[in-house]
Amino acid sequence: MTLAALQDLIEHARKAGGDAADAVLFRGTSVSVERRLGQMEHLERAESTDLGLRVFVGHRAAIVSASSLEPARFASLAQRAVAMARIVPEDPFAGLSEQSDAPEDPAGLETADPAEPSIADLIERAQTAEEAALQVAGVTNSEGGSAGYSRTDIFLATSAGFAGSYARTSHSVSASVLAGSGTAMQRDYDYHSATHLADLDDPQTIGRRAGDRAVARLNPIRPPTARLPVVYDPRVAGSLIGHLAGAINGAAIARGTSFLKDKLGQRIFAPGIVVRDDPRRPRGPSSRTFDAEGVRTAARAVIEDGVLTTWLLDSRSARQLGLRSTGHASRGTSGPPMPAATNLYLAAGRETPAELMADIAEGLYVTELIGNSLNPTTGDYSRGAAGFMIRGGALAEPVSEITIAGNLIEMWKTLRPANDLVFRRGTDAPTVRVEGMVMAGA
């Protein structure tokens, strides 16, 4: 029914003078609760419908959006889009994808959990997480426990004949607490989200980890500036792979603004390193059988044996580069498609985290990153950080108010992954070690 309505809207666009068109609809429901110190602080349920129509007149394109799917408004919506398209500058690379095909059945990817939790269920999860955190010795206050659920139904139709849909759900629990007192207080958190409730971490475990982390950060030092090995905890290690995704984004490559623009086919990581993007992973947070242009998705290694093998491309960036889309188009309702990674991860290594650190006489173990200073044209990298010193191969005193810096090209060449990869965030990595970074401290 919804896809038929989108096809009807596209037909209105063709009748109004459009040469081609596509339409996307997001229909969402979300529920969130938050409790703090035993009291309810937030309860929200939201339902939304977002519609986007993109119309092409030759190589000119325009997009209009609406907050409802009302057939009575289709004619005026289409006319407005066509009128806008006629007056904007030409874009020689604009157009629908030539690669779209009949959509596959998304059921095998299990992107949607059919069960929706009750408000009472969410309140219980939030309460359990916060209470578990407050029971940790040394925890003195709470910023709250929260729980949430969302479902989004996505529909896409094009004038080239593509029509497909799928749904995506998310369950989440978090806790954030403080340890210590006065100006010596330290804060930390734990959070987990999963497509299916059955895969969600137990709220009590989440709360206990949040409390343990906050207490472990008490009485931090600010160490002197040094050049040393840096080990990234898994909850921040994925950021190094996120920077890779940004640098191989087809739009940045086409503009010439990425420091990797001349590196395709070259080794930029150490031999043996593999980074994969897998939109076909069952229950993955970004899994899908087709992208935002109707192009079929496929799992691929973007880094194979340390070598950069591909860009992440939508149709427009592919045309600019004389290539084919890789099925990475992503879009909302008010803007054109842009390339984006799906379920991106750094493959696990063979060493345990303990083995990865065993020979470090003095180093830094990072558990939190603050801010982001990355030069996209050079790869120069600088982030505020907190964590622990490594002494004699083991974690030692906590540290804060430091900055770590390097260049991503040099950092990736020395990057070594541990064997503790767990899929938790959509962009995932195990514990990783990077050599020779600058730690700026006291």
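Keep in mind that what you see is a predicted model, and the values were worked out from it rather than measured. Per-chain numbering applies: the sequence of each chain, read as written, is numbered from 1 onward. It should be noted that, the model being predicted, local features are given only for residues of pLDDT at least 70 and side-chain atom pairs only at 80 or more, the latter also being counted only at that level, while totals for whole chains, interfaces and linings use all residues. Note that the side-chain values use all heavy atoms of the structure and ignore hydrogens as well as water.

Q: Quick question: what am I supposed to make of the nonpolar core here?
A: Soluble globular proteins tend to bury their nonpolar side chains together. As used here, the term nonpolar core means buried Ala, Val, Leu, Ile, Met, Phe, Trp, Tyr and Cys residues forming a set that is joined through side-chain atoms within 4.5 Å. Relative accessibility decides the category of a residue: with a 1.4 Å probe and only protein chains considered, values under 20% of the type maximum give buried, values over 50% give exposed, and everything between is partly exposed. One finds Y232, L240, L244, L364 and W412 to be the most contacted residues of the largest nonpolar core, which totals 47 residues. Throughout, a contact is declared for two residues whenever any of their heavy atoms are within 4.5 Å. If sequence neighbours within four positions are ignored, L244 has contacts with L260, I268, F269, V275, V302, I303 and W412. Of all hydrophobic cores here, the second largest spans 23 residues; its members include V57, A62, V64 and V82.

Q: What should I look at first to understand the packing of aromatic side chains in this one?
A: Remark: the centre distance and the inter-plane angle together describe each pair of aromatic rings, the angle taken between the planes. Here a pair means two rings of Phe, Tyr or Trp (six-membered ring of Trp) with centres within 6.5 Å. Their orientation is stacked below 30 degrees between planes, edge-to-face above 60, and tilted elsewhere. One pass over the full model with this rule turns up five aromatic pairs. Relative to F290, the ring of F162 lies with its centre 5.0 Å away and its plane at 65°, an arrangement referred to as edge-to-face. Taken together, the positions of F162 in the loop between β4 (139–158) and β5 (163–179) and F290 in the loop between β8 (275–277) and β9 (300–304) put the pair 128 residues apart, joining distant regions of the chain. Of the two residues examined, F162 and F290, each falls in the buried class. Taken together, a centroid distance of 5.1 Å and an interplanar angle of 20° make the contact between F269 and W412 stacked. One end of the pair, F269, is in the loop between α6 (250–255) and β8; the other, W412, is in helix α9 (residues 408–414), and 143 residues separate them in sequence. Working definition: helices are DSSP H or I runs of at least four residues, strands are E runs of at least two. Numbering for both runs from the N terminus.

Q: Sorry, what's going on with a nonpolar patch on the surface here?
A: A surface patch of nonpolar side chains, amounting to about 240 Å² of accessible area, comprises M40, L43 and I119. By secondary structure assignment, the location of M40 is in strand β2 (residues 39–57). Under the relative-accessibility criterion, M40 is labelled partly exposed at 34%. Exposure above 30% relative accessible area and the lack of any salt bridge qualify a residue for a patch; like charges then connect within 9 Å, and the nonpolar side chains Val, Leu, Ile, Met, Phe, Trp and Tyr within 5 Å. Each accessible area is a Shrake-Rupley result for a 1.4 Å probe, and residues are judged covered by the shown protein chains and nothing else. Salt-bridge detection follows one rule: a side-chain nitrogen of Lys or Arg within 4 Å of a carboxyl oxygen of Asp or Glu.

Q: What am I meant to see in the packing of helix α3 (residues 119–134) against helix α4 (residues 203–216) here?
A: Each pair of packed helices can be described by the angle between their axes along with the distance between the axes. Under this scheme, a helix contributes an axis fitted over its contacting stretch, all axes are lines through C-alpha atoms, and angles between N-to-C directions fall in the 0 to 180 degree range. Interhelical geometry of α3 versus α4 gives an angle of 35° and a closest axis separation of 7 Å. In terms of crossing hand, the pair formed by α3 and α4 is right-handed. Residue-level inspection shows R125, T128, A129, A132 and A133 of α3 in contact with α4, the latter providing P203, Q204, G207, R208 and G211. Broken down by class, the residue content of the contact of α3 with α4 amounts to four nonpolar, four polar and two charged. Definitions for this section: a left-handed crossing has its near helix turned counterclockwise from the far helix by less than a right angle. A right-handed crossing has that turn clockwise. In this classification, the charged set is Asp, Glu, Lys and Arg, the nonpolar set is Ala, Val, Leu, Ile, Met, Phe, Trp, Tyr, Cys and Pro, and all remaining amino acids, among them Gly, are polar.

Q: What is the right way to read the side chain of E130 from this model?
A: With respect to the helices and strands, the residue E130 is situated in helix α3. Positive: Lys, Arg. Negative: Asp, Glu. His and the chain ends are not part of the count. An unpaired buried charge is present at E130: no salt bridge exists, and R35, the closest side chain of opposite charge, is 5.3 Å distant. With sequence-adjacent residues up to four places away left out, E130 is seen in contact with R35, R36, L37, G38, S142, G144 and G145.

Q: Got a minute to help me understand the environment of E355 in this structure?
A: Mapping E355 onto the fold places it in helix α8 (residues 353–357). Along the backbone, E355 and G393 are 38 residues apart, and their C-alpha atoms lie at a distance of 8.4 Å.

Q: Can you help me understand the environment of M437 in this one?
A: Mapped onto the secondary structure, M437 falls in strand β19 (residues 432–440). Ignoring any residue separated from it by four or fewer positions in sequence, one finds M437 in contact with A226, R227, L228, V230, Y232, Y381, I404, A405, G406 and M411.

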